[in-house]
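Structural characterization, general
The residues making up each chain are set out below.
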Amino acid sequence: MKKLWALPIPHNMKIFLWRLLRDCLPSRQRLQQKGVPCTSLCPHCEAAQENNWHIFFGCQEAQTVWQATGIWQHIKSLVDVGEGIVEVIFSLLGSISQSHIVEVVVTLSCIWRRRNAKVWDQGAPPSGVATSQAKQYFRDWQAAQARSSTQRTPPVHDLQWKKPHAGTFTCNIDAALFQDSSYFGYSMCIRNDHGQFLTAKTGWAHGLPPVHEAEATALLTAIQWIVTLSLTHVTIESDCKSVLDALSGTQSHHSEYGSLLNKCRGLLHNHPNLSLKFIPRQANRVAHCLARVSRCYASSHIFEFIPSCIAPIILNEMT
Ligand SMILES: [Zn+2]
């Protein structure tokens, strides 16, 4: 394990590798064992149980990623005789060169990200695209490391969701447009300082407003809802920069959008315990997924228990 922390790789990749070795990644089989009601089949091939071995080596989709990297020929023999994923990774750490180890970890995390894209986003990118993105990400990180050793640069913005400070809450919000059916939906999910789910709300309405207007609707609904919950110190997190910028600006918009912004401003003014924060889309997964399922529920729906579609993300972000 010591060797793991010394690897010249980004911190989030170390954490990823550590979680893989500790069997803490939320594979479907693991989630099912923990009582989360979900399928245990692999999201790619839907033909096998999704456990760590299948995700990273067994599945044909993993194989196409390995084959797109060029590292496969150096590790094939070790993987073929391996009996378990942890054993294989430790034997790789102990027997191949450091640059190859780095390639292996970059590839493992690429396979994991691609798997998550398949589960949570529109679908997995082609293996060639995914591996070249992963390599580019790693080269950018290396270049940033080289720069920061000569000059101090501000830290790279973290793309992970972060728990709020002790005693405070976050409310992630998002909107989704359903072009095919001319609806738009929105979502909000409140978590405490342990990252635990408290409650969530979704809603939908007819029409296809511009994205910023749908996002402003999400924000206004969230503020109005939080006020009724009488929680102290809630940070509302949105990935829509244009709405947050428009709110802090003084420009008035004479439109539906302007009227939504004005209502938000008024409520925020009267409730100084509420604050707004911009977060990158990657850190707003919970709200993103929830907004996409909003139309499966009533036009205004409150979740007292954690919806199964976001349970894995919440568990993931609690660790
Ligand atoms: Zn599979």
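Worth saying up front: this structure is predicted, and the values here are computed from it rather than measured. (Residues numbered from 1 in each chain as written. Predicted model: local features only at pLDDT ≥ 70, side-chain atom pairs only at ≥ 80, totals over all residues. Heavy atoms only, no water.)

Some words on the coordination of the zinc ion
Of the protein atoms, only Cys42 (SG), Cys45 (SG), His54 (NE2) and Cys59 (SG) coordinate the zinc ion, at distances of 2.1 to 2.4 Å. Coordination at the zinc ion is tetrahedral: its 4 donor atoms span angles of 103 to 123 degrees at the metal. Overall, the relative accessible area of 32% leaves cysteine 45 in the partly exposed class. Accessibility expressed as a relative area gives 11% for histidine 54, which makes it buried. (Donors = N, O, S within 2.8 Å, 3.2 Å for Na, K, Ca; no water. Tetrahedral: all angles 85-135°; square planar, octahedral: opposite > 155°, others 65-115°. Buried < 20%, exposed > 50% of the residue type's maximum accessible area, 1.4 Å probe, protein only.)

Quick word on the sheet that holds strand β6 (residues 300-303)
Across the sheet, which stays open at both edges, the 6 strands sit in the order β5-β4-β1-β2-β3-β6 with mixed pairing between neighbours. Strand pairing shows two members of the sheet lacking a second neighbour, β5 (274-278) and β6, which therefore form its edges. For this sheet, the mean angle separating the axes of adjacent strands, direction not counted, is 20 degrees. In this sheet, β6 lies alongside strand β3 (residues 197-206) in antiparallel orientation, the contact comprising 4 bridges. The residue bridging threonine 202 from the neighbouring strand is histidine 301, located in β6. In the packing of helix α11 (residues 241-248) onto the sheet, the strands contacted are β4 (234-238) and β5, and the crossing angle to β5 comes to about 130 degrees. (Pairing = 2+ DSSP bridges. Helix = DSSP H or I, 4+ residues; strand = E, 2+ residues; numbered from the N terminus. Axes fitted to C-alpha atoms, helices over the stretch in contact; angles between N-to-C directions. Contact = heavy atoms within 4.5 Å.)

Examining empty space enclosed by the protein
Scanning the model with the defined rule gives 2 cavities of 30 Å³ or more in all. Put simply, the largest cavity is a space of about 80 Å³. Lining the largest cavity are 13 residues, with His44, Ile55, Glu61, Ala62 and Ile111 sitting closest to its centre. Elements that contribute at least two residues to the lining of the largest cavity include exactly α4 (52-58), α5 (60-69) and α8 (98-120). (1 Å grid on protein atoms, 1.4 Å probe; cavity = no way out; pocket = protein on both sides within 12 Å on 5 of 7 lines; lining within 4 Å. Points joined across faces, edges and corners; volume = space filled by probe spheres on them.)

Focus on the domain arrangement of the chain
As far as domains go, the chain holds domain 1 (2-150) and domain 2 (169-318). Measuring from the centre of the C-alpha atoms in domain 1 to the corresponding centre in domain 2 gives 32 Å. At the junction of the two partners, domain 1 supplies 8 residues and domain 2 supplies 11 residues. For the domain 1 and domain 2 pair, buried surface summed over both sides reaches about 910 Å², with 58% attributable to carbon and sulfur atoms. Taken together, domain 1 and domain 2 are joined by 0 salt bridges. (Domains from an automatic or database assignment. Buried area = accessible area lost by both parts, 1.4 Å probe. Salt bridge = Lys/Arg side-chain N within 4 Å of Asp/Glu carboxyl O.)

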